[in-house]
Amino acid sequence: MDFLKKNDTKVECQNQITIRIASMSVYLLGFFLAMFLCNCVHLLLRPLSQPRIIAESIVGLLLSNLEFVRNRFLNDNEVQQTLNYIVDAIMVCHMFVVGLEIDPNIFLQLTLPEAKVAYSGVLATFVFACLITPLLHISKQPNAVFSSCLAIVLAGTDSPLLTRLITDLKIGKSDIGRFIVEAGIHSDVVSILLVTIGFLIFDPDKNFQNRSVKMMLKMMAILVFQTLLASKVVPSVMKWVNNENPEGKPMKGSHLVVALAFIISICSMSPIVGFSKVLSAFLVGLFMPREGRISKMMIGKVNYIFRTIFYPLFFFWVGTEAKLSEFEAGKIATWAKIIVPFIIATGGKVLGSVVSGLMLGFHWPESVATGLLLNIKGHFQVYLAINAYRMNIISMSTSIVLVFVTFLTIIYNPVVVAKIIERARKRSPTQKMALQWLNPTNELRILLCIRSSQNVFSATNFMEISRGPVNPGIMVYLTDMVELTDKIAATLTQGRGVGVGVGVGVDAVTVTDPTVVEMREKITKDVHAYLSEDCEGINLQRMMALSTINNMHQDISILAEDLLVHLVILPFHKNQEEDGRLHVGHSGFRHINRKVLRNAPCSVGILVDRGLGKTVISRSSISLNAAVIFIGGKDDREALVYAGRVARHPGVKLTVIRFLVEAAGDSVSSRVGRAKSNTTEHLEEMKIDDECFTEFYDKHVAGGRVAYVEKYLVNSGQTFSTLRSLEGQYGLFIVGRGGRVNSVLTVGMSDWEECPELGPIGDILSASDFSVTASVLIIQQHSLKGELDGLHDEFSIM
């Protein structure tokens, strides 16, 4: 009998194992089927530009709510428990990587425009939600604490999903794309930290009752300990692992296990005292170092595995918890709970973005688009909605409602991005606003920027040598660059009054700061004194760019676009001292120059004044020796065209110096240069260069008005020595910033540039050890950032 019982037990165990194996096979088959369906649905939604999360949610919710699936698999408590464990682990890893991707120095960037827009949207949404959501009776036992927690969730942003969406929709490299991603990170961090603080104080398992002081102190102590380990101890372990496993070599399995085990052990501490393991993982990731091989591997591998495997499983779990059959679709209150929270979240984000955007000087359509995109919710918000039901805080129908609200914040985003691109395409210029393409019968329009009265005389001399023929003449918009400080902001008044007016229409303001008023009056007096002598062919208007250092480039670009100028002239950020040398200068204005070079809708010039302002330019005799250096490329062609205007001035003696590659050179660099010059792109550029130079030669050199010098060089070393040999011969150099195609004469120069915004040639001529009397004008030609019927990825619209 005992023998028979043992056999029966053995057979039963074998049957159980067989059933388990069969069940696992069915689960795996079902999972791969779900993956296949996700890919199919995603392909169907691709014409609508919907992100993959929508396909995953549709497939997950529908599959898990099929009667056959529920009866066969999901009624098994073990299966449901296993799913719960897996999803909890998924969310722990997800939040850890979210924190790991965020730089903790974000807390030092609260004054950035991105932070201001993000926090204003969070604040506006939070206030709206606190006032309105209690009226909806979303929780089973309504209280103020739950309403505040719901308001924080509605005010948040899913930054990983937003970043992926922005990248997939091809605006990640644009100024508005980068801005929204940064703002989304700020919004995400502050909302999660507020949820963390709320979890420390209130217990969601007990209807948000206050925790005891003892429990709060325990949780805070373990969180501080975790944070110290993550920020102080983990870097040493990671550094050791990274040093033992340099890039290019396979990672040792033992080292990888040690590193991961150490990180997991840190993340596992807080649940011991009852703190959320998901929020704990986020904090650990936030304060861990992002540099090094381990961190990069975790971010890359985990994100890839989540996108391909775990996220579809996550929404399958959501469907198992949220039974669609219990969704109370027949009740008006149910739809109100969908529509009202969605309107609150969207309206709050948009209102906050528009208000802060107006204060920062953004266009309102871009501010609205920013608010709409910052409203996106994702996996974390869905996880909280499902867990609220599991804790018996809300009903299953309400949980499904909050999941649907999350989807509503996602599906409209491709339309918003399409509108951004459409608006950017409309605003993109339909022609190159450059001197080379200027019709000779049209006047030259110049936005001439100055920072102080010290720049006035160089500005008037620039106008003088640029005036060209009387008909059609030039239109100069003399623009004062005034930094908007707190002191100056306090003097702004609406409307026109005594002081300095700036703005148009109802937005016009007057600056009454005595320093600004005095500076502008002196500039106006000096400019009028110049024009009173001989203003023939020069039309002038006074403008002002009043903005913070971070946003002044936008004001200048907007002015240039609205005024349809062909050339923006910016003063170099360094000023000349009494001994003739250039001092360190204002780094803020250097950043302005760099940003204008990137974003201006026309050609841009930077004027390094080392004596041009002190020169008295006469129209009756030669008073200025100028030289234009031509190597090749679009910027050099633009400089050459501008030099053609200077050549017409009777008081300027112009010399054009052309650097050519010596054909007989046998050095390695010469052979490499000749090989590169055989490319199609280079041959086309050389052809355009020759055509442009031939036209200039026929107009100005052939008649004897302009001197011509050729320099045959072999490499960039000879270019440098030749430039240095020109010291003391000219009072003004006109050069192109760059734009040359593989020129052997400048290759390698950019490696040791002091001021890259000046280009290699301009940097050498403006160096502190070069002539103290030679001014330099560096010109960059405007180029469309894409075809007229499309846009380049790096378009600018804000």
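Rules and cut-offs
Residues numbered from 1 in each chain as written. Predicted model: local features only at pLDDT ≥ 70, side-chain atom pairs only at ≥ 80, totals over all residues. Heavy atoms only, no water. Patch = residues over 30% accessible without salt bridge, like charges linked within 9 Å, V, L, I, M, F, W, Y side chains within 5 Å. Areas by Shrake-Rupley, 256 points an atom, 1.4 Å probe, with all protein chains shown as cover. Salt bridge = Lys/Arg side-chain N within 4 Å of Asp/Glu carboxyl O. Helix = DSSP H or I, 4+ residues; strand = E, 2+ residues; numbered from the N terminus. Axes fitted to C-alpha atoms, helices over the stretch in contact; angles between N-to-C directions. Parallel < 35°, antiparallel > 145°, perpendicular 65-115°, else oblique. Contact = heavy atoms within 4.5 Å. Nonpolar A, V, L, I, M, F, W, Y, C, P; charged D, E, K, R; others polar. Buried < 20%, exposed > 50% of the residue type's maximum accessible area, 1.4 Å probe, protein only. Pairing = 2+ DSSP bridges. Phe/Tyr/Trp six-rings, centres within 6.5 Å; stacked < 30°, edge-to-face > 60°. Lys NZ or Arg CZ within 6 Å of the ring centre and 35° of its normal. pLDDT = per-residue confidence, 0-100. 1 Å grid on protein atoms, 1.4 Å probe; cavity = no way out; pocket = protein on both sides within 12 Å on 5 of 7 lines; lining within 4 Å. Points joined across faces, edges and corners; volume = space filled by probe spheres on them. Core = buried A, V, L, I, M, F, W, Y, C linked by side-chain atoms within 4.5 Å.

*Asks:* Could you give an account of a nonpolar patch on the surface, with specific residues and numbers?
*Replies:* Together, L123, V127, L131, I132 and L135 line one region of the surface with nonpolar side chains, adding up to about 490 Å² of accessible area. Turning to its location among the elements, L123 is positioned in helix α5 (residues 113-132).

*Asks:* Break down the packing of helix α7 (residues 159-168) against helix α8 (residues 175-201) for me, citing the residues and quoting the values.
*Replies:* Helix-helix packing is described using two parameters, namely the angle between the two axes and the distance between the axes. Running from amino to carboxyl end, α7 crosses α8 at an angle of 170°, the nearest separation of the two axes being 9 Å. Overall, the two elements α7 and α8 adopt an arrangement that is roughly antiparallel. Between α7, through S159, P160, L162, T163 and I166, and α8, the contact on the second element is made entirely by G177, I180, V181, G184, I185 and D188. Among the residues forming the contact of α7 with α8, the class breakdown is six nonpolar, four polar and one charged.

*Asks:* Residue-level account of the pairing of strand β10 (residues 603-608), with values.
*Replies:* Of all six residues that make up β10, six are buried, and the element is covered over most of its length. Neither face of β10 is exposed, since S603, G605 and L607 on one face and V604, I606 and V608 on the opposite face are all buried. In this sheet, β10 lies alongside strand β9 (residues 567-571) in parallel orientation, the contact comprising five bridges. Within the sheet, the bridge partner assigned to I569 lies in β10 and is G605. Note: β10 against strand β15 (residues 775-780), five bridges, orientation antiparallel.

*Asks:* Please give an account of the pattern of salt bridges that cites residues and values.
*Replies:* All told, the structure shown has 16 salt bridges when counted by the stated rule. Residues E464 and R619 are paired through a salt bridge, measuring 2.9 Å at the closest nitrogen-oxygen approach. Taken together, the positions of E464 in helix α18 (residues 456-466) and R619 in the loop between β10 and β11 (624-630) put the pair 155 residues apart, joining distant regions of the chain. Using a relative accessible area of 5% as the deciding quantity, one classes E464 as buried. Here R619 falls in the partly exposed class, since its relative accessible area comes to 39%. A salt bridge links K522 to D526, with the shortest nitrogen-to-oxygen separation between them at 3.1 Å. You can see K522 and its partner D526 sitting in helix α20 (residues 514-533), four residues apart, about one turn around the helix. The class for K522 is partly exposed, based on a relative accessible area of 41%. A relative accessible area of 16% means that D526 is categorised as buried. Overlapping salt bridges bring together E464, R467 and R619 as one network.

*Asks:* Describe the packing of aromatic side chains, with residues and values.
*Replies:* In total, this model carries 14 aromatic pairs according to the counting rule given. Aromatic pair F693 and Y708: ring centres 5.4 Å apart, planes at 50°, arrangement tilted. Here F693, found in helix α25 (residues 680-701), pairs with Y708, found in strand β13 (residues 707-713); they are 15 residues apart in sequence, far enough to count as distant. For F693, a relative accessible area of 5% puts it in the buried group. Taking relative accessible area as the criterion, Y708 reaches 26% and is therefore assigned partly exposed. By the ring-pair criterion, three or more aromatic residues cluster together here, those being F630, F693, F696, Y697 and Y708. Across the ring face of F199, the terminal group of R211 is positioned such that the distance to the ring centre comes to 4.8 Å. Over the face of the ring belonging to F589 we find R451, whose NZ or CZ atom lies 5.0 Å from the ring centre.

*Asks:* I'd love a proper account of the confidence of the model for the chain, names of residues and values included.
*Replies:* When pLDDT is averaged across the chain, the result is 80; 85% of the residues are at 70 or more. No element of the chain has a lower mean pLDDT than strand β6 (residues 500-502), at 45, and none a higher one than strand β14 (residues 732-736), at 94. Segment residues 665-672: pLDDT under 50, and eight contacts once partners within four positions in sequence are set aside and those in other chains are kept. Taken as a whole, residues 786-790 scores under 50 in pLDDT and shows six contacts with residues more than four places along the chain or in a different chain.

*Asks:* An account of empty space enclosed by the protein is requested, with residue identities and associated values reported.
*Replies:* Scanning the model with the defined rule gives three cavities of 30 Å³ or more in all. Of the voids in this model, the largest cavity is the one considered here, and its volume is about 50 Å³. Lining the largest cavity, in full, are T133, P134, H137, I138, S139, P142, F146, S147 and L150. Split into classes, the residues belonging to the lining of the largest cavity amount to five nonpolar, four polar and no charged.

*Asks:* Tell me about the nonpolar core, residues and numbers included.
*Replies:* By size, the foremost hydrophobic cluster in this structure holds 117 residues, and its most contacted members are F96, F282, M288, F314 and V318. Broken down by element, the residue count for this core peaks at eleven residues, all from α8. If near-sequence neighbours (up to four positions away) are discounted, F282 is found in contact with M95, F96, V98, G99, I102, V189, I192 and L193. Counting residues in each nonpolar core, the second largest holds 53 residues, with I538, L546, C692 and I779 among its members.

*Asks:* Describe the sheet that holds strand β4 (residues 474-483), with residues and values.
*Replies:* Pairing between the strands of a sheet comes from backbone hydrogen bonds, and it takes one of two forms, parallel or antiparallel. Read across the sheet, ten strands follow the order β8-β4-β3-β9-β10-β15-β14-β11-β12-β13 without closing on themselves; strand pairing throughout is mixed. Only two strands of the sheet have a single partner each, and these edge strands are β8 (538-547) and β13. Within the sheet, the average angular offset between the axes of one strand and its neighbour, ignoring direction, is 20°. Together, β3 (444-450), β4 and β8 form the strand contacts of α20, whose direction differs from that of β8 by roughly 165°. The sheet contacts of helix α23 (residues 634-647) involve β3, β4, β10, β11, β12 (652-661), β14 and β15, and relative to β14 the element is tilted by about 145°.

*Asks:* With reference to specific residues and values, describe the pairing of β4.
*Replies:* Across the ten residues that make up β4, a large majority, nine, are buried. Where β3 lies against β4, seven bridges are found, and the strand directions are parallel. The partner of C449 across the bridge, within β4, is T479. Where β4 and β8 come together, ten bridges link them in parallel fashion. The partner of E483 across the bridge, within β8, is S547.

*Asks:* Give me the side chain of H94: which residues, what numbers.
*Replies:* Mapping H94 onto the fold places it in helix α4 (residues 77-100). Judged by relative accessible area, H94 falls into the buried class, the value being 6%. With residues near it in sequence (within four places) discarded, H94 still touches F306, Y311 and H379.

*Asks:* Before we move on, could you go through the packing of α18 against α23 and cite the residues and values that matter?
*Replies:* Interaxial distance between α18 and α23 falls to 7 Å at its minimum, and their mutual angle equals 85°. Of the possible angle classes, the one that applies to α18 and α23 is roughly perpendicular. Two secondary-structure elements touch here, α18 through F462, I465 and S466 and α23 through Y642, R645 and V646. Classifying every residue of the contact of α18 with α23 by side-chain character gives four nonpolar, one polar and one charged.

*Asks:* Just give me the short version of unusual backbone geometry, but keep the residues and values in it.
*Replies:* Looking along the chain, the bond that leaves N471 and enters P472 is cis, with omega of 20°. Its place among the elements puts P472 in the loop between α18 and β4. Here the phi dihedral of H137 falls at roughly 55°; this positive angle occurs in a residue that is not glycine. In the Ramachandran plot, N392 falls in the positive-phi region, its phi being about 65° despite a non-glycine side chain. Within the secondary structure layout, N392 lies in the loop between α15 (379-390) and α16 (396-411).

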